[in-house]
2 protein chains.
Amino acid sequence: MDTILVAGGAGFIGSHLCRALSDAGHRVICLDNLQTARPSNLKLLEDLPNFTFVEADIVNALPASVTDAPNLTRIYNCACAASPPQYQADPEHTMLTNVVGTNHLLRLAEKTGARFLLTSTSEVYGDPEVHPQVEGYRGWVSCTGPRACYDEGKRAAEAMTFDFARMSRAEVRVARIFNTYGPHMHPDDGRVVSNLICQALTGRDITVHGDGTQTRSFCYVSDMVRGLMALMESDIDGTEPVNIGNPDEFTINELLDMVLELVPNAGKVVNTPLPQDDPRRRRPDISRARDVLDWSPRVPLSEGLPMTAEWFAEEVGAEMSVREAAE
Amino acid sequence: MDTILVAGGAGFIGSHLCRALSDAGHRVICLDNLQTARPSNLKLLEDLPNFTFVEADIVNALPASVTDAPNLTRIYNCACAASPPQYQADPEHTMLTNVVGTNHLLRLAEKTGARFLLTSTSEVYGDPEVHPQVEGYRGWVSCTGPRACYDEGKRAAEAMTFDFARMSRAEVRVARIFNTYGPHMHPDDGRVVSNLICQALTGRDITVHGDGTQTRSFCYVSDMVRGLMALMESDIDGTEPVNIGNPDEFTINELLDMVLELVPNAGKVVNTPLPQDDPRRRRPDISRARDVLDWSPRVPLSEGLPMTAEWFAEEVGAEMSVREAAE
């Protein structure tokens, strides 16, 4: 039986990935510093067969339980706080997680021969002038602003990952993941889907940054996990990043309307100032993923949003019930 | 007497900076791993009063001789190989020098209260679509290519530096330095001024990348050092980078003609393919430096190039003499 390491495996996407890899018959080591992970995510994983949780921070030297794992064949790096309030709380740590943490995992890949996958981000495109975003677009990123610790950290992590490939030190894959949502998100992670749903469910004011005409595209987490696994197992040239996301584009106001329809007794909507360097538009061009991975998303927002709201309703203990996901 | 730390102080710009700071009456610690430094640069410094050389790599924990230095008031970070052949030889180390090395120096600044200056680079603009480059331009940088270890490393270093300022952890200054030339360059550093002069002096083929119509602007090293010191001592808001460079723009062919006029018996010119991601144009907008630092370059290429060629002629032991700099 081979072993797969998932750094950040107790996080939102990481926990879904751990489960899917376990279901596919692999031994899974989940490495996480529990910085932003929800303890309940971990509880859902702990009973999986051949599952090990290791609490450690990839910024530090990796523990022997990880470096000495038998038959390590794959390393997924999903480790980094991904929502602005979380990654801006300790920007130094965010940068080091991306650069030093990725370096530690790449060196482990080099030592063991395991293939390495970096979950990079659509944030490498910054506030894009090209729409939708293709992988060849170099981005419009401020390297001096408050989002730079994450955006530039991921760009630096990509640079280092591709250098390991160019030097034949490791087999690598780089996914640029776009907005993802679904069960197991942190209710307080500050991202728009969780924000709107949780605010609606708890009757608080619903905050919309700016006038709500900025757009995002939302990928349901099961599609994302399927995409990451397809990329990891693909034969794609390891020096090319691949966008993974859902190209259906919605304004924040459209998303809000869908949430309000699911949660009828929500509070009032309050428009707040746009955060600095907030992107106006964001939508992946997934031609490469379609061509090379034969992957495309299957779950539209109209299906994924009710499933997510159901889960949040249970999670935050909201008394009001959301419309059935199966409707 | 206060102490000033110059990381990378045995390098090209660093060695000139050490001398200028010593001449201005400071105790100077030169920290260098001697990766690309010329030993002769160090010999020129060793007899300066109150000068200390410490051989260490900023990627590792800083030695006590640095961290315990008395009355440390300023830290200049000039440490990183800056020419593509040098920084691409070990891209992992280039990235770590910029991110981990800068982090170590910033933490020292935080601990001691010393002001920190990062020598960033015009490379953060990549292959620019905006000309000349203003500090607000976000750049056109490939984060996947062979120059990314340097370009993205510097962008990440800037991000981290500005985060230390935003969190009030350190007083910072960030200079984006453009092509600089002068005595003490490494003859083999692979940059265009040293390449053309040394090839001409030694009668080898003179290699010009592409058709030579790409442009660069060249700052004489004394102007650069004066600019860095002015920026360090200025009251500029520490969350803004400042371009330091010479805005006089030349095509590589124009530079070549000037070199050929200085070195009459040079070999033949050979055009070679443009390196990947080589910028087509590069010229600083120095309005901010003029306004805030009251700085602008004083040495035109027509004066600086003969002084540089004279020095190289002595350095490489070329028998042919160059035209007198004072002509």
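Residues numbered from 1 in each chain as written. Chains lettered and ligands numbered in written order. Predicted model: local features only at pLDDT ≥ 70, side-chain atom pairs only at ≥ 80, totals over all residues. Heavy atoms only, no water.

As annotated in an unreviewed UniProt entry, chain A carries the name UDP-glucuronate decarboxylase and comes from Sphingomonas palmae. Here chain A is described in UniProt, under the heading Cofactor (unreviewed entry), as follows: "NAD(+)". (UniProt positions renumbered as here; feature names shortened; annotations may be inferred.)

Colleague: Would you mind going over the relation of the copies chain A and chain B with me for this structure?
Modeller: The operation relating the two chain copies consists of a rotation about an axis and a shift along that axis. Of the two same-sequence chains, chain A is brought onto chain B (RMSD 0.0 Å, axial shift 0.0 Å) by a rotation of 180 degrees. The relationship between the two copies is best expressed as a two-fold rotation axis. When you check the interface residues of chain A against chain B, 100% turn up at the interface there too, and the contact is symmetric in its surfaces. (Least-squares fit on C-alpha atoms with pLDDT ≥ 70 in both. Contact = heavy atoms within 4.5 Å.)

Colleague: Where do I start with the interface of chain A and chain B in this structure?
Modeller: One frequently used descriptor of interface size is the decrease in accessible area upon assembly of the parts. At the junction of the two partners, chain A supplies 37 residues and chain B supplies 37 residues. Around 3,100 Å² of area is buried between chain A and chain B when both sides are counted, 58% of it from carbon and sulfur atoms. Where chain A touches chain B, the interface holds six salt bridges. In this structure, Glu92(B) and Arg107(A) form a salt bridge, with 2.8 Å as the shortest nitrogen-oxygen distance. Contributing elements (two or more residues each) for the side of chain A that touches chain B: helix H5 (91-112) and helix H6 (148-166) of chain A. When residues in the side of chain A that touches chain B are grouped by element, the largest group, 12 residues, is from H6(A). Classifying every residue of the side of chain A that touches chain B gives 20 nonpolar, five polar and 12 charged. (Buried area = accessible area lost by both parts, 1.4 Å probe. Salt bridge = Lys/Arg side-chain N within 4 Å of Asp/Glu carboxyl O. Helix = DSSP H or I, 4+ residues; strand = E, 2+ residues; numbered from the N terminus. Nonpolar A, V, L, I, M, F, W, Y, C, P; charged D, E, K, R; others polar.)

Colleague: Explain the UniProt feature "domain: NAD-dependent epimerase/dehydratase" (unreviewed entry) in chain A to me, please; I cannot follow it from the model alone.
Modeller: Here the UniProt-annotated "domain: NAD-dependent epimerase/dehydratase" (unreviewed entry) positions come out as residues 4-245 of chain A. A distance of 23 Å separates the end C-alpha atoms of residues 4-245 of chain A, which is 39% helix and 20% strand.

Colleague: What is the right way to look at the sheet that holds strand S4 (residues 72-77) of chain B in this model?
Modeller: Hydrogen bonds along the backbone pair up the strands of a sheet, which may run parallel or antiparallel. Residues and elements named next belong to chain B. Strand order in this open sheet of seven strands is S3-S2-S1-S4-S5-S6-S11, and the pairing throughout is parallel. Two strands bound the open sheet, and with one partner strand each, they are strand S3 (51-55) and strand S11 (241-244). Direction aside, the axes of adjacent strands within the sheet are offset by 20 degrees on average. Judged from the six bridges that link them, strand S5 (residues 115-121) and strand S6 (residues 172-177) form a sheet pairing that is parallel. Bridging across to S6, Leu117 finds its partner in Arg173. (Pairing = 2+ DSSP bridges. Axes fitted to C-alpha atoms, helices over the stretch in contact; angles between N-to-C directions.)

Colleague: Just checking my understanding: could you explain the domain arrangement of chain A for this structure?
Modeller: Residues and elements named next belong to chain A. When the domains of chain A are assigned, the result is domain 1 (3-180 + 219-244) and domain 2 (181-217 + 247-281 + 299-315). Using C-alpha coordinates to define each centre, domain 1 is positioned 25 Å away from domain 2. Across the domain 1 to domain 2 interface the summed buried area is about 2,300 Å²; carbon plus sulfur atoms make up 51%. Taken as a group, Arg38, His131 and Tyr220 account for 29% of the area that domain 1 buries against domain 2, more than any other trio of residues on that side. Close ionic contact of Arg280 with Asp127 constitutes a salt bridge, the shortest N to O distance being 3.2 Å. Mapped by element, the contributors of at least two residues to the side of domain 1 that touches domain 2 are helix H1 (12-23), helix H2 (39-46), helix H4 (84-89), strand S10 (219-220) and helix H8 (221-233). (Domains from an automatic or database assignment.)

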